[in-house]
Amino acid sequence: MEDLGPLAPHVADAAAAADVDESAVRGTLITMQADVRAYPGVADLVFEYRRAFEYDPLVRRDDRAYFLLVPPRVWSEFAATLDASAAVLAAVRAVHDRAFTAGTELAPEERGDWEPLVVVASS
């Protein structure tokens, strides 16, 4: 099932900006969200992140979506598990950035060195 929540509206623009296939970006996002839901779930992953980092990475929760700011290494870990080109991964990160900005109204200059990650719990 494709449930990208607040990420969905940003896929086409991010893919076009990166000059990559929209379906590849969407497919990578779907895989990533499915992996997070399976590990052992979104709420558990968010809880783990909240304990692991020196600050609370949860910026906002909206219904089933969690808007987080995470250290760059988290994205490296996701990239290692996803079968996608560097260009598609850059577009995926751009989707998360756009959704985070729209969902939190926190400007990029207010984020420090941390990077946006939006995860969506299953319905």
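In the block above lies the structure referred to throughout.
Only a predicted model underlies this, so the values are computations on that prediction, with no experimental measurement involved.

Draft legend 1. Seen up close, the overall build of the protein chain. Along the backbone of the protein chain there are five helices and three strands. Helices and strands appear in the protein chain in the N-to-C order α-α-α-β-β-α-α-β. Each of the three principal axes of the protein chain carries a C-alpha extent, and together these read 35 × 35 × 25 Å. In the protein chain, buried positions account for 43% of the 123 residues. Taking the intrachain contacts of the protein chain between residues at least 6 apart in sequence as the baseline, contacts between residues at least 24 apart amount to 67%. Only carbon and sulfur atoms are counted for the fraction: they give 49% of the accessible area of the protein chain, which is about 6400 Å². The centroid of the 11 positive side-chain charges in the protein chain is displaced by 5 Å from the centroid of its 21 negative side-chain charges.

Draft legend 2. Region of the structure containing the layout of surface pockets. Put simply, the largest pocket is a space of about 240 Å³. Sorting the residues of the lining of the largest pocket by element identifies α2 (22–38), α3 (42–52) and α4 (72–81) as the ones contributing at least two each. The greatest single-element share of the lining of the largest pocket, amounting to five residues, is contributed by α4. Looking at the lining of the largest pocket, its residues break down into seven nonpolar, one polar and four charged.

Draft legend 3. Region of interest: α2. Helix length check: α2 (17 residues) gives 24 Å between terminal C-alpha atoms against 24 Å at 1.5 Å per residue, within 8%. What α2 keeps buried is the set V25, T28, L29, M32, Q33 and V36. Projected down its long axis, α2 carries its buried residues within an arc of 130 degrees, all on one side. Turned more than 90 degrees off the buried face of α2, the exposed positions are S23 and A38.

Draft legend 4. Layout of the packing of helix α1 (residues 11–18) against helix α5 (residues 86–104). At their nearest, the axes of α1 and α5 sit 9 Å apart, and the two run at 140 degrees to each other. Viewed along their axes, α1 and α5 adopt a mutual orientation that is oblique. For the element pair α1 and α5, the recorded crossing hand is right-handed. Packed against α1, whose contacting residues are V11, D13, A14, A15, A17 and A18, the element α5 presents A87, A91, A94, V95 and R98 at the interface. In terms of residue class, the contact of α1 with α5 is built from nine nonpolar, no polar and two charged.

Draft legend 5. Here's a closer look at the nonpolar core. One finds V25, Y49 and L117 to be the most contacted residues of the largest nonpolar core, which totals 38 residues. Elements that contribute at least two residues to this core include exactly α1, α2, α3, β2 (65–70), α4, α5 and β3 (115–120). Of the residues forming this core, the biggest block, seven residues, is contributed by α5.

Draft legend 6. Structural detail: the pattern of salt bridges. Taken as a whole, this structure holds six salt bridges when the rule is applied. One salt bridge in this structure joins D3 and R64, with 2.6 Å as the shortest N-O distance. Taken as a pair, D3 in the segment before α1 and R64 in the loop between β1 (58–62) and β2 lie far apart in primary sequence, 61 residues in all. Note on D3: relative accessible area 12%, which makes it buried. A salt bridge links R60 to D62; its shortest N-O distance comes to 3.7 Å. Under the relative-accessibility criterion, D62 is labelled partly exposed at 37%.

Calculation rules
Residues numbered from 1 in each chain as written. Predicted model: local features only at pLDDT ≥ 70, side-chain atom pairs only at ≥ 80, totals over all residues. Heavy atoms only, no water. Helix = DSSP H or I, 4+ residues; strand = E, 2+ residues; numbered from the N terminus. Buried < 20%, exposed > 50% of the residue type's maximum accessible area, 1.4 Å probe, protein only. Contact = heavy atoms within 4.5 Å. Areas by Shrake-Rupley, 256 points an atom, 1.4 Å probe, with all protein chains shown as cover. Lys, Arg positive; Asp, Glu negative; His and termini not counted. Charge placed at Lys NZ, Arg CZ, Asp CG, Glu CD. 1 Å grid on protein atoms, 1.4 Å probe; cavity = no way out; pocket = protein on both sides within 12 Å on 5 of 7 lines; lining within 4 Å. Points joined across faces, edges and corners; volume = space filled by probe spheres on them. Nonpolar A, V, L, I, M, F, W, Y, C, P; charged D, E, K, R; others polar. Expected span 1.5 Å × (residues − 1). Arc of directions from axis to C-beta. Axes fitted to C-alpha atoms, helices over the stretch in contact; angles between N-to-C directions. Parallel < 35°, antiparallel > 145°, perpendicular 65-115°, else oblique. Left-handed = near helix turned anticlockwise from the far one by under 90°. Core = buried A, V, L, I, M, F, W, Y, C linked by side-chain atoms within 4.5 Å. Salt bridge = Lys/Arg side-chain N within 4 Å of Asp/Glu carboxyl O.

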